[in-house]
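Chains, contacts and geometry: an overview
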Amino acid sequence: MTQEQFERAVVISERIRALEAVKKEIEKKSERRLSYCYRTSGGDYKEMSVLTLMPIAKLLDKYDNQIRKDIDDEINALHKEVEEL
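The text that follows walks through the structure, step by step, so that each part is easy to find. (Residues numbered from 1 in each chain as written. Predicted model: local features only at pLDDT ≥ 70, side-chain atom pairs only at ≥ 80, totals over all residues. Heavy atoms only, no water.)

1. Notes on a nonpolar patch on the surface
On the surface, a cluster of nonpolar side chains totalling about 380 Å² of accessible area is made up of Met1, Phe6, Val10 and Leu85. Along the chain, methionine 1 turns up in the segment before helix H1 (3-26). (Patch = residues over 30% accessible without salt bridge, like charges linked within 9 Å, V, L, I, M, F, W, Y side chains within 5 Å. Areas by Shrake-Rupley, 256 points an atom, 1.4 Å probe, with all protein chains shown as cover. Salt bridge = Lys/Arg side-chain N within 4 Å of Asp/Glu carboxyl O. Helix = DSSP H or I, 4+ residues; strand = E, 2+ residues; numbered from the N terminus.)

2. Section: helix H3 (residues 57-84)
If you check H3, its first and last C-alpha atoms are 41 Å apart, about what 28 residues at 1.5 Å a residue would give, namely 40 Å. Listing the buried residues of H3 in full gives Ala57, Leu60, Asp64, Arg68, Ile71, Ile75 and Leu78. (Expected span 1.5 Å × (residues − 1). Buried < 20%, exposed > 50% of the residue type's maximum accessible area, 1.4 Å probe, protein only.)

3. A closer look at the side chain of arginine 68
Structurally, arginine 68 is set in helix H3. A distance of 2.6 Å separates a polar side-chain atom of arginine 68 from the backbone oxygen of isoleucine 26. Leave out the neighbours within four places in its chain, and arginine 68 touches Ile26, Glu27, Lys29 and Arg32. (Polar contact = N/O pair within 3.5 Å; in protein donor to acceptor, adjacent residues only side chain to side chain. Contact = heavy atoms within 4.5 Å.)

4. So, H1
Its 24 residues give H1 an end-to-end C-alpha distance of 35 Å, which sits within 8% of 34 Å, the value for a rise of 1.5 Å per residue. For H1, the set of buried residues is Ala9, Ile12, Ile16 and Leu19. Structurally, H1 contributes buried residues whose contacts are with H3.

5. Focus on the nonpolar core
Residues Ile12, Ile16, Leu19, Ile71, Ile75 and Leu78 constitute the largest nonpolar core, which totals 6 residues. For this core, the secondary structure elements donating two or more residues are H1 and H3. When near neighbours in sequence (up to four residues on either side) are disregarded, isoleucine 12 contacts Leu78, Glu81, Val82 and Leu85. (Core = buried A, V, L, I, M, F, W, Y, C linked by side-chain atoms within 4.5 Å.)

6. Details of the packing of H1 against H3
Axis separation between H1 and H3 bottoms out at 10 Å; the angle between their running directions is 155 degrees. With respect to H3, the element H1 is oriented roughly antiparallel. Here H1 and H3 pass one another in a crossing that is left-handed. Residues Arg8, Ile12, Arg15, Ile16, Leu19, Glu20, Val22, Lys23 and Ile26 of H1 pack against Arg68, Ile71, Asp72, Glu74, Ile75, Leu78, His79, Glu81 and Val82 of H3. (Axes fitted to C-alpha atoms, helices over the stretch in contact; angles between N-to-C directions. Parallel < 35°, antiparallel > 145°, perpendicular 65-115°, else oblique. Left-handed = near helix turned anticlockwise from the far one by under 90°.)

Right under this line is the structure:
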């Protein structure tokens, strides 16, 4: 393995670790949902009310599922890239 390949493998490994950490954090689907936040005058973010977002709940769930699939797809692609190195 060349130095360049090793450095790429390290970058890939760090990305996989980060993605898997996020995946683990959001894995309990029944306890997580996409939402919108807005910035307060103090610079913090506050989540919008569930009642406000209720009309788009199906859309939020649709994109939540897509994001979860994209995370899995990226992890799989990165593992494949490591194998090819």
